[in-house]
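# Tertiary structure, described
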Amino acid sequence: MKIIFVGCSFTWGLELGERREEQRFSRLVCDELGAEEINISRCGWSNDMILHNFLKQPKADVAVIQWSSISRWQVWNDNSNEWELLLANEKIKRDKDSYMKGNMFYRYIYNFRMGIESFWKNVYIAEQYCKENNIKLIGINKSNDILKTYTSQYEHLCNYKAKFIKGNIIPVPKENTPEWYEYWMKDVHPSPKGHRKI
């Protein structure tokens, strides 16, 4: 059996260190089931990129899609001939042009309704693709963001039953307490114990 895992840094295993590939939940699941692991996750991927890259992969028996934050957005950059993550966060090292594009996008164009609509369109496409190709689909969310604040017109087309890593699967104790660091790393990625919980 082949299981494909696709998501952002949570599924990639950011902050797990040198033993990342052994400790991330995709390996743990596959070891438990005696399945072949295909993990194509990348740090920073938006839901559009998660879906885009999932659809390009060879068929698997099971797909585990870990949806990212709805506010992540990527656009095509004709100059570099690749997808570019838009960020409006000065803490993340980016060139000035990328920062300005992200800042303009989030200030004047993006809103949560747009993110929610895009999320449900991606879920619908993934479900239809998996149904057509006889792939069992398991979807999990990084967090609930604000999915409950607005009902998308696409949501009723989906069979998706949300499972949220933060809160639903892994407990979210008060930050910076011993209980917090049991499940979470410094930059809010699952710890080895958090990955085992997933």
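This text follows the structure it describes.
Structural notes, computed from the coordinates. Numbers given to residues run from 1 along each chain, matching the order in which its sequence is written. Residue-level local features of this predicted model are given only where pLDDT is at least 70; pairs of side-chain atoms are given and counted only at 80 or more, and the full residue set underlies all totals for whole chains, interfaces and linings. Computation of side-chain values: all heavy atoms of the structure, hydrogens and water removed.

### Brief notes about the packing of aromatic side chains
Side-chain rings of Phe, Tyr and Trp, where Trp is taken by its six-membered ring, are said to pair if the distance between their centres is within 6.5 Å; with planes under 30 degrees apart they count as stacked, over 60 as edge-to-face, and otherwise as tilted. Counted according to the given criterion, the structure contains 15 aromatic pairs. With centroids separated by 5.7 Å and ring planes inclined at 65°, the aromatic side chains of Trp 73 and Tyr 110 adopt a geometry described as edge-to-face. Within this pair, whereas Trp 73 is found in strand β4 (residues 73–77), its partner Tyr 110 is found in the loop between α5 (96–108) and α6 (112–132), the two being separated by 37 residues in sequence. The buried category is assigned to Tyr 110, whose relative accessible area is 11%. Judged by centre distance (5.9 Å) and plane angle (75°), the ring pair of Trp 120 and Tyr 160 falls under edge-to-face. Taken together, the residues Trp 120 in helix α6 and Tyr 160 in the loop between β6 (136–141) and α7 (178–183) connect sequence positions 40 residues apart. The two residues Trp 120 and Tyr 160 agree in class, both being buried. An aromatic cluster is present here, built from Trp 73, Phe 105, Tyr 106, Tyr 110 and Phe 112 joined pairwise through their rings. Over the ring of Trp 12 we find Arg 20; its NZ or CZ atom is 3.8 Å from the centre of that ring. Counting from the N terminus, the helices are the DSSP runs of H or I reaching at least four residues and the strands are the DSSP runs of E reaching at least two. Note on classification: 1.4 Å probe, protein chains only; a residue is buried when its accessible area is under 20% of the maximum for its type, exposed when over 50%, partly exposed between these limits. As a reminder, the over-ring test applies to NZ of lysine and CZ of arginine, requiring each to be within 6 Å of the ring centre and within 35 degrees of the ring normal.

These figures capture arrangement, not role.
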